[in-house]
Amino acid sequence: MAFVITGACETEKAGECATVCPVDCIEEGKDQFYIDPDICIDCGACVSVCPVDAIEEEYDLTPDQEVYLEKAEAFFANK
Ligand code: SF4
């Protein structure tokens, strides 16, 4: 399981999450930040620093948020 950055990031794109991640698995994309689901260790450190509560656990995603996991997978697959 991994954490996923969802739609609120698309408007805020604050980036505090990337500065606290202990495994450096958060990268900035064109429209939002992304968590690499293959590297995330599920520590939760990024969640509390996000000013717009955009970060959710993968298993807590609502059906309309699942697209953000797909976006993250596609972002890192193309690197
Ligand atoms: Fe990084 Fe931890 Fe957030 Fe995963 S849960 S992205 S490892 S800070």
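Above this text sits the structure in question.
It should be emphasised that the depicted structure is a prediction, and the values quoted were computed from it without experimental measurement.

Before going further, it helps to examine the nonpolar core. Of all hydrophobic cores here, the largest spans 15 residues; its most connected members are Ile5, Cys17, Ile26, Ile35 and Ile55. Those elements giving two or more residues to this core turn out to be β1 (3–5) and β3 (33–35).

Around the ligand, the structure places 14 residues, and the nearest of them are Cys21, Cys40, Cys43, Gly44 and Cys46. Of the residues assigned to the shell around the ligand, the class counts are 12 nonpolar, 1 polar and 1 charged.

Time to look at a negative patch on the surface. Where like charges cluster on the molecular surface, the negative patch consists of Asp38, Asp64, Glu66, Glu70 and Glu73. Its location among the elements puts Asp64 in the loop between β4 (55–57) and α4 (66–77). Residue Asp64 is classed as exposed on the basis of its relative accessible area of 60%.

Our focus in this paragraph is the packing of aromatic side chains. Summed over all chains, the structure comprises 2 aromatic pairs. For the pair Tyr34 and Phe75, a centre-to-centre distance of 4.5 Å together with 25° between the ring planes defines the contact as stacked. A residue pair is termed long-range when its members are at least 10 positions apart, and Tyr34 in strand β3 and Phe75 in helix α4 qualify at 41 residues. Relative accessible area serves as the criterion here: at 6%, Tyr34 is assigned to the buried category. Considering the side-chain rings of Phe75 and Phe76, the 5.0 Å spacing of their centres and the 90° angle between planes classify their relative orientation as edge-to-face.

Right, let's talk about the side chain of Thr6 for a bit. Of note, Thr6 is situated in the loop between β1 and α1 (9–12). Setting aside residues no more than four positions away along its own chain, Thr6 makes contact with Gln32, Ala54, Glu56, Leu61, Gln65 and Tyr68.

As enumerated under the stated definition, the model contains 0 disulfides in all. With no disulfide of its own, Cys17 lies closest to Cys9 among cysteine sulfurs, the gap being 6.3 Å.

Now for the side chain of Asp36. Turning to its location among the elements, Asp36 is positioned in the loop between β3 and α3 (45–49). Engagement of the side chain of Asp36 in a polar contact is seen with the backbone nitrogen of Asp38, the distance being 3.0 Å. Beyond its immediate sequence surroundings of up to four residues, Asp36 is in contact with Cys25 and Phe76.

Calculation criteria
- Residues numbered from 1 in each chain as written.
- Predicted model: local features only at pLDDT ≥ 70, side-chain atom pairs only at ≥ 80, totals over all residues.
- Heavy atoms only, no water.
- Core = buried A, V, L, I, M, F, W, Y, C linked by side-chain atoms within 4.5 Å.
- Buried < 20%, exposed > 50% of the residue type's maximum accessible area, 1.4 Å probe, protein only.
- Helix = DSSP H or I, 4+ residues; strand = E, 2+ residues; numbered from the N terminus.
- Near = heavy atom within 4 Å.
- Nonpolar A, V, L, I, M, F, W, Y, C, P; charged D, E, K, R; others polar.
- Patch = residues over 30% accessible without salt bridge, like charges linked within 9 Å, V, L, I, M, F, W, Y side chains within 5 Å.
- Areas by Shrake-Rupley, 256 points an atom, 1.4 Å probe, with all protein chains shown as cover.
- Salt bridge = Lys/Arg side-chain N within 4 Å of Asp/Glu carboxyl O.
- Lys, Arg positive; Asp, Glu negative; His and termini not counted.
- Charge placed at Lys NZ, Arg CZ, Asp CG, Glu CD.
- Phe/Tyr/Trp six-rings, centres within 6.5 Å; stacked < 30°, edge-to-face > 60°.
- Contact = heavy atoms within 4.5 Å.
- Disulfide = S-S within 2.5 Å.
- Polar contact = N/O pair within 3.5 Å; in protein donor to acceptor, adjacent residues only side chain to side chain.

Read these as layout, nothing more, since geometry by itself doesn't imply function.
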